[in-house]
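Listed here are the chains, written in short residue letters.
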Amino acid sequence: MNTLILGATGGIGAATARAFAAAGHTLTLSGRNEAVLTALAAELGAAHRAADVGYESHVRALLEGVPPLDTLVYAAGAALPEPLKDADPTHVRAVWNANYFGALWAMKHGLGRLNAGGRVYLIGARPELVTARGFSQYAASKAALARAAEVARLEHRGVGITLVLPPAVDTPLWAQVGRVPKGAVTPDVVAQAIAADRAGPAQPELTIGV
């Protein structure tokens, strides 16, 4: 299977790349950290291309440069928590670019490049876990992603679009917060759940750790 992973340099993205590589997928990896991306691609024997998902032109060029896909995983994300009264426009744009707009551009330019039976995985967030002080933009952008996925399913009936809803995950994203929540799972738990789900029928949501 041909699989593209956007956000492959993050914790969940890298773990998912390794899980799909172990399952025999032919991988193309993308991320912003070119050094990490190159090392991961070399480890897995994957093609790679750096891209900033905040720019539609980057995502379009990336999708136009890959063969028809069987699986597309969108694992980019950002939190940058701060109180609403202190909302920094640069931070707000970065969160929405990573959590929503990048996924929007990936679906816009990627859904039409999926083979019959193709699957898309979008890393979402459980509302009850992100409705917290400082997380207004993270929670709002993930909620917007969930609603966009619902509409995308109506518009692309032949494709499985799955919103992945993990518990707290021990990734570098929590460095933006200060500490990893108690009981957080490893990225491998999420990656293995996605890989196992890909072997079965499509479902609209994949809730992990329930």
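Just so you know, these numbers come straight off a predicted model, no measurement behind them. The residue numbers shown here count from 1 along each chain, following its written sequence. Predicted model: local features are reported for residues with pLDDT of at least 70 only, side-chain atom pairs are reported and counted for 80 or more only, and whole-chain, interface and lining totals are derived from all residues. With hydrogens and water excluded, all non-hydrogen atoms of the structure serve as input to the side-chain values.

**Student:** Help me understand the overall build of the protein, please; the structure alone is not making it clear to me.
**Tutor:** The number of helices and strands found in the protein is 7 helices and 7 strands. Just to be clear, the radius of gyration here is over C-alpha atoms, and the globule rule we use is 2.2 Å times residues to the power 0.38. Computed over C-alpha atoms, the radius of gyration of the protein comes to 16 Å, within 12% of the 17 Å expected from 2.2 N^0.38 for 210 residues, which places it in the range of a compact globule. Based on the C-alpha atoms only, the size of the protein along its principal axes is roughly 45 × 40 × 35 Å. Buried, partly exposed and exposed residues are distinguished by accessible area as a fraction of the type maximum, computed with a 1.4 Å probe on protein chains only: under 20%, between the cut-offs, and over 50%, respectively. Taking all 210 residues of the protein together, the buried fraction comes to 46%. Contacts between residues were defined by any pair of non-hydrogen atoms, one from each residue, lying within 4.5 Å. Expressed as a percentage of contacts within the protein between residues at least 6 apart in sequence, the contacts between residues at least 24 apart total 66%. Total accessible area computed for the protein in this model is approximately 9900 Å², and 55% of it derives from carbon and sulfur atoms. The charge count includes Lys and Arg as positive and Asp and Glu as negative, but it does not include His or the ends of the chains. One atom stands in for each charge, and that atom is NZ of Lys, CZ of Arg, CG of Asp or CD of Glu. One finds the centroid of the 18 positive side-chain charges in the protein at a distance of 3 Å from the centroid of its 16 negative side-chain charges. In this text, helices come from DSSP runs of H or I with a minimum length of four residues, and strands from runs of E with a minimum of two, each type numbered from the N-terminal end. What sets the accessible areas is the Shrake-Rupley method with a 1.4 Å probe; for residues, cover comes only from the shown protein chains.

**Student:** What am I meant to see in the nonpolar core here?
**Tutor:** As a rule of thumb, nonpolar side chains are buried together in soluble globular proteins. We call a set of buried residues a nonpolar core when its members are Ala, Val, Leu, Ile, Met, Phe, Trp, Tyr or Cys and they connect through side-chain atoms within 4.5 Å of each other. If you look at the biggest cluster of nonpolar residues, it comprises 30 residues, and the most contacted ones within it are Tyr74, Leu111, Val120, Leu122 and Ile161. Sorting the residues of this core by element identifies strand 1 (2-6), helix 3 (56-64), strand 4 (69-74), helix 4 (89-110), strand 5 (114-123), helix 6 (136-155) and strand 6 (160-165) as the ones contributing at least two each. Sorting elements by how many residues they give to this core places helix 4 first, with 6 residues. If sequence neighbours within four positions are ignored, Leu111 has contacts with Ala106, Val120, Ala152, His156, Val159 and Ile161.

**Student:** Even after reading the chapter, I still don't get the packing of helix 1 (residues 11-22) against helix 7 (residues 187-198), so can you show me in this structure?
**Tutor:** Each pair of packed helices can be described by the angle between their axes along with the distance between the axes. Axis definition: a line fitted to C-alpha atoms, over the contacting stretch in the case of helices. Angles run 0 to 180 degrees between N-to-C directions. Two elements in contact, helix 1 and helix 7, have axes whose closest approach is 8 Å; the angle formed by their N-to-C orientations is 45°. When the axes of helix 1 and helix 7 are compared, the pair comes out oblique. The two elements helix 1 and helix 7 meet at a crossing, and its hand is right-handed. Residues Gly11, Ile12, Ala15, Thr16, Ala19 and Phe20 of helix 1 form the contact with helix 7, whose participating residues are Pro187, Asp188, Val190, Ala191, Gln192, Ile194, Ala195 and Arg198. When an angle is under 35 degrees it counts as roughly parallel; over 145 it counts as roughly antiparallel; between 65 and 115 it counts as roughly perpendicular; any other value is oblique. Two helices cross in a left-handed way if the nearer one is turned anticlockwise from the farther one by less than a right angle. They cross in a right-handed way if the turn is clockwise.

**Student:** Help me out: how do you make sense of the side chain of Thr28 in this one?
**Tutor:** Take Thr28: it is sitting in strand 2 (residues 26-31). Judged by relative accessible area, Thr28 falls into the buried class, the value being 14%. Excluding its chain neighbours within four sequence positions, the residues that come into contact with Thr28 are Thr3, Leu4, Ile5, Ala47 and Val66.

**Student:** Can you help me understand the sheet that holds strand 7 (residues 205-207) in this one?
**Tutor:** Either a parallel or an antiparallel arrangement is found when strands of a sheet pair, and the pairing is made through backbone hydrogen bonds. Two strands pair if DSSP finds at least two bridges between them. The strand order 3-2-1-4-5-6-7 describes an open sheet built from 7 strands, whose pairing is parallel. Because the sheet does not close on itself, it has two edges, and the strands there are strand 3 (47-50) and strand 7. Averaged over all neighbouring strand pairs, the angle between strand axes comes to 15°, with direction disregarded. When strand 2 meets strand 3, the two strands line up parallel, connected through 4 bridges. Bridge pairing links Thr28 to Ala47 in strand 3. Against the sheet, helix 3 touches strand 1, strand 2, strand 3 and strand 4, its axis set at about 165° to strand 1.

**Student:** For this particular structure, what's the right way to read helix 7?
**Tutor:** Along an α-helix, residues three or four apart share an orientation, since each turn contains 3.6 residues. In this model, helix 7 (12 residues) spans 17 Å end to end at C-alpha, consistent with the 16 Å of a helix rising 1.5 Å per residue. Within the sequence span of helix 7, burial applies to Pro187, Val190, Ala191, Ile194, Ala195, Asp197 and Arg198. Each buried residue of helix 7 sits inside an arc of 160° when the element is viewed along its axis, so together they form one side. Looking at the buried positions of helix 7, the neighbouring elements they touch are helix 1, strand 4, strand 5, strand 6 and strand 7. Between the first and last residue of a helix there are one fewer steps than residues, each counted as 1.5 Å, and that sum is the expected span. Picture the helix axis, draw a direction to every C-beta atom, and the arc is the one those directions span.

Functional significance is not addressed by these values, which are geometric in nature.
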